[in-house]
Amino acid sequence: MTDKILIIDDEPDILESLEVMLEKQGYEVSTALSGFEGLEIAKEGSPDLILLDVMMPEMDGFETCKKLRAGFRTKAIPVLLLTALHDADSKVKGLDAGADDFITKPFNDAELKARVRAFVRTKRMRDELEENYMKLKELEQMRDLLTHTMVHDLKTPLTSIKGTISVLMDQLESKGPLGPEHIKLLRTAQHSSDKILSLIQDILDVSRMEEKKLPVQKKSISISQVAQECLDTIMPLALQNGFTIHNAVPSSFPHIITDEEIFRRVLINLLGNSMKFTDRGGKISLELNDLSSENQIECVVEDSGIGIPKENLEKIFDKFFQGTNPSLSRRGQGLGLSFCRLAVEAIGGRIWAESEEGKGSRFIIRLPLS
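So, how was this worked out
Residues numbered from 1 in each chain as written. Predicted model: local features only at pLDDT ≥ 70, side-chain atom pairs only at ≥ 80, totals over all residues. Heavy atoms only, no water. Phe/Tyr/Trp six-rings, centres within 6.5 Å; stacked < 30°, edge-to-face > 60°. Helix = DSSP H or I, 4+ residues; strand = E, 2+ residues; numbered from the N terminus. Buried < 20%, exposed > 50% of the residue type's maximum accessible area, 1.4 Å probe, protein only. Pairing = 2+ DSSP bridges. Axes fitted to C-alpha atoms, helices over the stretch in contact; angles between N-to-C directions. Contact = heavy atoms within 4.5 Å.

Asks: Could you give an account of the packing of aromatic side chains, naming the residues involved and the relevant values?
Replies: Considering all chains together, one arrives at one aromatic pair under this definition. Taking 6.3 Å as the distance between ring centres and 80° as the angle between the ring planes, the aromatic pair formed by Phe317 and Phe363 counts as edge-to-face. Residue Phe317 is located in the loop between strand S10 (296-303) and helix H9 (326-329), and its partner Phe363 is located in strand S12 (residues 361-368); the two are separated by 46 residues in the primary sequence. Here Phe363 falls in the buried class, since its relative accessible area comes to 2%.

This is how it looks when you write it as structure tokens:
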């Protein structure tokens, strides 16, 4: 990206001379003949450095510098004052106005170029620090949100398990053998335990994949068989919530060389994600497409759910990303899709999403045949 410099000076000859010199150095240069014009250009163009003449009519460099420092969009731009004044009072006045340094007229070309390089470099470093600070703030907010979400999501199933144990203990101590209703409670407790283990497993696996420490064991597998087994796994929960499941998995399909367990977990994750974000009675489908001509297979999980805003289609695969809608972010920890992306990449494939808000989503996986 080209560094931008704004020169503000009421003398056209000096403006032209500086413009030619700095453009030869590779800078993008804009010019202004007055402080008023310079302020407007600075607000719109956000230069990386301003060279500002002190002695100008109507509004001099000192006043212009003060206004630059008072502006929200211009307050952090380095300002080098160009001045023929040599007395200490003028320099103090310039520093008080917010100038970063001075170049004395007539200036030395080599010194001017060196000063410009130094201040542009300083501005670039300041911008990077500010950007990193904002990223750190975002990470802190994500950490706090994650902590809150995980505590909530662990507390709910743990409370269920604790309550189940308490009821069963009372039954065994006072009334004897367990009845059918108690078996149902045990199944609920088991489901709650599975949710806790799944959350913990997601956290561990995402960390291991980021560190390239999750082992990948590839072998020839029947992808249609694995896909069918995944549908069988989610079917009870799908029926319980009134989902229509469309099975577009051919019984005969090319075998592929991949890690069966990783691929299975990716499919279960995507199918589970579709159920999370599809209202009761919606439709979920799984299809396999033979792309042998491209030495690939395609796996598509599609739903009729709430959809994904266009601006979030890439972000949804980021760790802990949950969107901006609080009611929707409560549906998960933002780890499942991050795991899917890392897992698919680990076995040599790629994954992406296609969606429109309110019109459902499609998650597409492409894997090499061998």
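Asks: Give me helix H10 (residues 336-346): which residues, what numbers.
Replies: Summarising burial for H10: eight of the 11 residues are buried, a large majority. Among the residues of H10, those classed as buried are Gly336, Leu337, Ser338, Phe339, Cys340, Leu342, Ala343 and Val344. Gly348, located one to two residues past H10, shows a positive phi value of around 85°.

Asks: Any details on the sheet that holds strand S9 (residues 283-291)? Residues and values, ideally.
Replies: Across the sheet, which stays open at both edges, the five strands sit in the order S7-S9-S10-S12-S11 with mixed pairing between neighbours. Every interior strand has two partners, whereas the edge strands, strand S7 (244-248) and strand S11 (350-355), have only one. Neighbour-to-neighbour, the strand axes of this sheet turn through a mean angle of 15°, independent of strand direction. Across six bridges, S11 lies against S12 in antiparallel orientation. Among the inter-strand pairings, Ala353 is bridged to a residue of S12, identified as Phe363. Strands S7, S9 and S10 of the sheet are contacted by helix H7 (residues 223-240), whose axis makes an angle of about 175° with S7. Each of S11 and S12 is contacted by H10, which is oriented at about 140° to S11, the strand it contacts most.

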